[in-house]
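Residue-level structural notes
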Amino acid sequence: MIQLDQVSLRRGGRVLFQKASMQIHPGWKVGLTGVNGAGKSSLFAALLGSLTPDEGMLSSPHGWTVAHM
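Not measured: the values here are computed from a predicted model. (Residues numbered from 1 in each chain as written. Predicted model: local features only at pLDDT ≥ 70, side-chain atom pairs only at ≥ 80, totals over all residues. Heavy atoms only, no water.)

So, on to the sheet that holds strand S3 (residues 55–59). Reading across the sheet, the 3 strands line up as S2-S1-S3 and stay open at both edges, with antiparallel pairing between neighbours. At either margin of the open sheet sits one strand with a lone partner, and together these are strand S2 (14–24) and S3. Strand after strand, the sheet turns through a mean of 25° between neighbouring axes, direction not considered. Where strand S1 (residues 2–11) meets S2, 7 bridges bridge the pair, whose relative direction is antiparallel. Residue pairing for S2: Val7 is matched across the bridge by Ala20. Here helix H1 (residues 40–48) sits on the sheet and contacts S1, S2 and S3; the angle it forms with S1, its principal contact strand, is near 125°. (Pairing = 2+ DSSP bridges. Helix = DSSP H or I, 4+ residues; strand = E, 2+ residues; numbered from the N terminus. Axes fitted to C-alpha atoms, helices over the stretch in contact; angles between N-to-C directions. Contact = heavy atoms within 4.5 Å.)

What follows is the structure, encoded as structure tokens:
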């Protein structure tokens, strides 16, 4: 399962989200929508490992692949 626990993410001094928590279980298909600048791409960058959260823990099982477009 992919898990975010109390994750905060800032970009350029702007808080995108703060103390966010969620779980995505195996087999779930998840869509993410929101206005421009809401942090969707930054969240995916964190899930893919190219961006580190400012606070909290983000984890996924070793060997899992996150599919994205």
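A positive phi angle, near 55°, is found at Gln6, a position not held by glycine. One can find Gln6 in strand S1. Using a relative accessible area of 38% as the deciding quantity, one classes Gln6 as partly exposed. Residues other than glycine seldom take positive phi values, yet Lys19 does so here, at roughly 55°. Mapping Lys19 onto the fold places it in strand S2. (Buried < 20%, exposed > 50% of the residue type's maximum accessible area, 1.4 Å probe, protein only.)

Read these as geometric descriptors, not functional statements.
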